[in-house]
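A look at the structure
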Amino acid sequence: MDVTAILDPLNDAQREAVTSPLEPVLVLAGAGSGKTRVLAHRVAWLCGVEGVSPHGVLAVTFTNKAAGEMRGRIESLLGMPAGSLWVGTFHGLAHRLLRMHWREAGLPQTFTVLDSDDQLRVVKRVLKDLELDDSRHPPRELQWFINARKDEGLRAEHLDAGDDPNRQVLIRVYAAYQAACDAGGLVDFAELLLRAHELWLQNEDLLAHYRRRFGHVLVDEFQDTNTIQYAWLRNLAGPGGVPFVVGDDDQSIYGWRGAKVENLRRFQKDFPKTRLVKLEQNYRSTGNILNAANALIANNAGRLGKRLWTEGIEGDPIRVYSAFNERDEADFVIGRIKALADSGTPYSDMAVLYRSNAQSRVFEEALITQRIPYRVYGGLRFFERAEIKDALAYLRLIANRGDDPAFERIVNVPTRGIGARTIDALRDYARANMTSLWNAAGHLASDEGVNRRTSNAVRAFLTLIEALDAHTRGLDLHEQVDHVIEASGLVAHHGKDKSERGDARVENLQELVSAARGFEPAPDSEMRLVDEFLAHAALEAGEAQGGAWEDCVQMMTMHSAKGLEFPTVFITGMEDGLFPHQRSLQDPRGLEEERRLCYVGATRAMRELYLTYAEQRRLHGIDTYGLPSRFISELPGELVEEIRPHVQVSRPYAPAAPRRAETTPSGISLGQRVRHRKFGEGVVLNYEGQGHHARVQVNFENEGAKWLVVAYANLETM
DNA sequence: CATACAGACATAAAC
DNA sequence: TGTCTGTATG
């Protein structure tokens, strides 16, 4: 084992963390301080120097991507594949455990993993079964409630509604939802974690076994753990355990989905001899950017405390641009993008960040008109697309006839004459007889009292599924998928749609066949390949879009920017109410999370950071006038450079004949003939103000005299 | 049963 | 203002 390869690339703090004695370690790792590297090198250190077998190491991340990268780095450091090393997401690891110990966990061997979309369907169905009005009890809220309780480790029977009738309903739905899942062998994401946690609690032997096996547990992005994940982890490590966790309280931006920053302090309390290592040297950004970020985050209370520094240059100041409105904001950003591109910067070195997805529109439109390539992060990912989920639902139903969500999803896709009424009847029967929709359908198909057309349609569906089952048996996975998408009629169904959308769907279905062909199961899996593929599809939604590697401007929310870096970053929409978001202003904790989000955004920038805001913004169809975000004023003035707007008409004015025409600050002369897109041609009569606020009075031939804001009016000189 | 239309609604998102 | 959802309509 080459120890220098492990230690040489590390600075002192990183090395301290990596070579810590076998005791609990909390690494407070600032943005861009090399935390992933520390984690990977720690594993390499344990295996290469401390003599720990990879078999005894468990590394946990929050995304599959991070897990994949982690394994890659570890294996390249160790110089060999480490198959027995467990690296994965909390959900992936929990899933693995439950597959291995389904009996102890009280699950059927063939349980199905529900994604949030499936879960919502089940909730809706439960609401119907309970005859609750879904406008008074929005399914999404119920779903949220159920997941939040599970994330806290609470089951319906642990909850007490008191006299609150609304809460009584919530709890009733939770209980009914869980009963439906249990009956159908369905496990949602939160349930994976909760079951895995209960598996520890209820099986001492099992827990003891895994404690013995995993003497070394490592966790990335520890500030993002929720209650149940932390409990699971703490149990696994055990009282004398030596977990190694890496996180940053200043980058905790997922409180709204259950993450508990408090887990950092809790860790120090639960593992009293914890060694705390701070990584504060930053290898990403300029000094000015770091100082601005430090100053900003210093406004938060109760931090563990950390100050980023760099050996690198001070760099450019933070540039703040005050736009007249959101279109001017986009024009400014795109102007800078063009200028950078002209001087040789690749588009992919530039990122436009915003608080909410809706803000991307204006930028997209402007980028399209300027023919600048861009990529928007977010949106539906491969396995979340409707046509893919339909195809998977066929596979699910073939594999497990009791999978009601799958049944409901495809019973009439493509349409085969089984409408809402029929499905209602099936549901009623299934509920009354405590059985699956599949069995209900079997009953209805042979029921003399039912409309012939209906029973025929249902029978045809049953026959189809049985036929698919029979035909796919023994085939390779990709052949199964291929057969299913063809014989189910899905391909023909989408093929009839001659639009671009239809073509894309057919392509996606074919892509699913390729995905199946390339699918590799875990080496020690005892599951059938289809089942494993289905679980994979639920647990790993896949990439959002192809073309990620093309040279294009990167656009995304600040949340999705976490973990990424770009030479030039534009943080847009810096207005109070937008960022910090209105809904976070009520409580101080919400505001602090927004500030951390701003910190995350700012620390994405390597060389240049721009902050932009619009004085006027069209939101949901109405014009709003916002104030610059308070986060801007929290930056030290000496680090900030305000960019003076230079208002220009589309063609600089070249005086034709008149001498010494009085010129407005924006370059338009009095008496000048101008053209406006809507109002037509006219003559400039007067002007006032400067910069953004510069306005001119134009006497239009058809519309009469009007005051226009030069920055916005887009006047053409003639 | 597919499409049209009205009405509601609008923070962020991995597994 | 744009998008999505559910219902009305042909």
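Residues numbered from 1 in each chain as written. Chains lettered and ligands numbered in written order. Predicted model: local features only at pLDDT ≥ 70, side-chain atom pairs only at ≥ 80, totals over all residues. Heavy atoms only, no water.

**Thoughts on the overall build of chain A**
A tally of helices and strands in chain A yields 28 helices and 21 strands. Relative to the 2.2 N^0.38 estimate, which gives 27 Å for 718 residues, the radius of gyration of chain A is 30 Å and therefore close to what a compact globule would have. Expressed along its principal axes, the backbone C-alpha trace of chain A runs to roughly 95 × 75 × 55 Å. Within the span of chain A, comprising 718 residues, buried residues form 52% of the whole. Across chain A, the fraction of contacts at a sequence separation of at least 24, relative to all contacts at a separation of at least 6, is 73%. About 33,200 Å² of surface is accessible on chain A, with carbon and sulfur atoms providing 48% of the total. (Helix = DSSP H or I, 4+ residues; strand = E, 2+ residues; numbered from the N terminus. Rg over C-alpha atoms; globule rule 2.2 N^0.38 Å. Buried < 20%, exposed > 50% of the residue type's maximum accessible area, 1.4 Å probe, protein only. Contact = heavy atoms within 4.5 Å. Areas by Shrake-Rupley, 256 points an atom, 1.4 Å probe, with all protein chains shown as cover.)

**Details of the pattern of salt bridges**
Taken as a whole and judged by the stated rule, the model has 51 salt bridges. Its salt-bridge partner being aspartate 248, residue lysine 306 comes within 2.9 Å of it at the nearest N-O pair. Within this pair, whereas lysine 306 is found in the loop between helix 13 (287-297) and strand 9 (318-325), its partner aspartate 248 is found in the loop between strand 7 (244-247) and helix 12 (262-270), the two being separated by 58 residues in sequence. Accessibility classification places lysine 306 together with aspartate 248 in one group, the buried group. The shortest N-O distance in the salt bridge between aspartate 270 and arginine 266 comes to 3.7 Å. Residue aspartate 270 and its partner arginine 266 are both found in helix 12; the two are separated by four residues, about one turn of the helix. Accessibility expressed as a relative area gives 36% for arginine 266, which makes it partly exposed. One salt-bridge network, held together by shared partners, links Asp115, Asp117, Asp118, Arg121, Lys389, Asp390, Arg396, Asp403 and Arg409. (Salt bridge = Lys/Arg side-chain N within 4 Å of Asp/Glu carboxyl O.)

**A look at the protein's contact with DNA strand B**
What surrounds DNA strand B is a group of 25 residues, the closest being Asn64, Arg355, Asn357, Gly417 and Arg583. Close to the protein, within 4 Å, the atoms of DNA strand B belong to sugar or phosphate groups at a rate of 51%. A distance of 2.6 Å is found between a phosphate oxygen of DNA strand B and a backbone nitrogen or oxygen belonging to asparagine 64. Histidine 91 places a side-chain nitrogen or oxygen 3.1 Å from a base oxygen of DNA strand B. (Near = heavy atom within 4 Å. Polar contact = N/O pair within 3.5 Å; in protein donor to acceptor, adjacent residues only side chain to side chain.)

**Digging into the packing of helix 18 (residues 420-432) against helix 19 (residues 437-445)**
It is the contact of helix 18 with helix 19, at a shortest axis distance of 8 Å, that shows an interaxial angle of 110 degrees. When the interaxial angle is binned, helix 18 and helix 19 end up roughly perpendicular. Taken together, the residues of helix 19 that come into contact with helix 18 (itself represented by Ala425, Leu426, Arg427, Tyr429 and Ala430) are Leu437, Ala440, Ala441, His443 and Leu444. The class makeup of the residues in the contact of helix 18 with helix 19 is eight nonpolar, one polar and one charged. (Axes fitted to C-alpha atoms, helices over the stretch in contact; angles between N-to-C directions. Parallel < 35°, antiparallel > 145°, perpendicular 65-115°, else oblique. Nonpolar A, V, L, I, M, F, W, Y, C, P; charged D, E, K, R; others polar.)

**Brief notes about the confidence of the model for chain A**
Mean pLDDT over chain A: 89, with 92% of residues reaching 70 or higher. Across residues 648-665, confidence stays below pLDDT 50; counting only partners more than four residues off in sequence or on other chains, it has 25 contacts. (pLDDT = per-residue confidence, 0-100.)

**Considerations on the sheet that holds strand 8 (residues 275-279)**
Reading across the sheet, the six strands line up as 3-2-6-7-1-8 and stay open at both edges, with parallel pairing between neighbours. On the outer flanks of this sheet lie strand 3 (86-89) and strand 8, each paired with one strand and no other. Recorded for the sheet is a direction-independent mean angle of 15 degrees between the axes of neighbouring strands. Summarising the sheet, strand 1 (residues 25-29) and strand 7 pair through four bridges and their orientation is parallel. Counterpart to valine 27 in the pairing with strand 7 is valine 246. (Pairing = 2+ DSSP bridges.)

**What to know about the packing of aromatic side chains**
Enumeration according to the criterion identifies 20 aromatic pairs in this entry. Consider the rings of tryptophan 200 and tyrosine 210, whose centres lie 5.7 Å apart with planes at 45 degrees: the pair is tilted. Within this pair, whereas tryptophan 200 is found in helix 9 (residues 189-202), its partner tyrosine 210 is found in helix 10 (residues 204-213), the two being separated by ten residues in sequence. Between phenylalanine 383 and phenylalanine 533, the ring centres sit 6.3 Å apart and the planes meet at 80 degrees, which makes this aromatic pair edge-to-face. Here phenylalanine 383 is found in the loop between strand 11 (374-376) and helix 16 (386-399), whereas its partner phenylalanine 533 is found in helix 24 (residues 529-539), with 150 residues between them in sequence. Among the residues examined, phenylalanine 383 registers a relative accessible area of 7% and is labelled buried. Feature note: the residues Phe62, Trp86, Phe90, Trp200, Tyr210, Phe214 and Trp232 constitute an aromatic cluster, connected by ring pairs. (Phe/Tyr/Trp six-rings, centres within 6.5 Å; stacked < 30°, edge-to-face > 60°.)

**Thoughts on the protein's contact with DNA strand C**
In the vicinity of DNA strand C, the residues found are Lys124, Arg361, Arg618, His620 and Gly621. At 2.8 Å, a side-chain N or O of arginine 361 approaches a sugar or linking oxygen of DNA strand C. Within the backbone of glycine 621, a nitrogen or oxygen atom sits 3.2 Å from a sugar or linking oxygen of DNA strand C. When grouped by side-chain class, the residues that make up the surface near DNA strand C number no nonpolar, two polar and three charged.

**Quick notes on the nonpolar core**
What tends to happen in soluble globular proteins is that the nonpolar side chains get buried as a cluster. Of all hydrophobic cores here, the largest spans 47 residues; its most connected members are Leu392, Phe407, Ile465, Leu512 and Phe533. Broken down by element, this core gets its largest block of residues, eight residues, from helix 16. The residues touching leucine 392, leaving out its near neighbours within four places in the chain, are Phe383, Leu512, Phe533, Leu534 and Ala537. If you look at the next biggest cluster of nonpolar residues, it comprises 39 residues, including Phe111, Leu193, Tyr210 and Tyr230. (Core = buried A, V, L, I, M, F, W, Y, C linked by side-chain atoms within 4.5 Å.)

**Section: unusual backbone geometry**
Of note, the bond from valine 413 into proline 414 is cis; its omega dihedral lies within 30 degrees of zero at -5 degrees. Mapped onto the elements, proline 414 comes out in the loop between helix 17 (404-410) and helix 18. That bond from phenylalanine 579 to proline 580 is cis: its omega, 5 degrees, falls within 30 degrees of zero. One non-glycine residue with positive phi stands out, namely glutamate 221, at about 50 degrees. With respect to the helices and strands, glutamate 221 occurs in the loop between strand 6 (216-219) and helix 11 (227-237). With a relative accessible area of 17%, glutamate 221 lands in the buried category.

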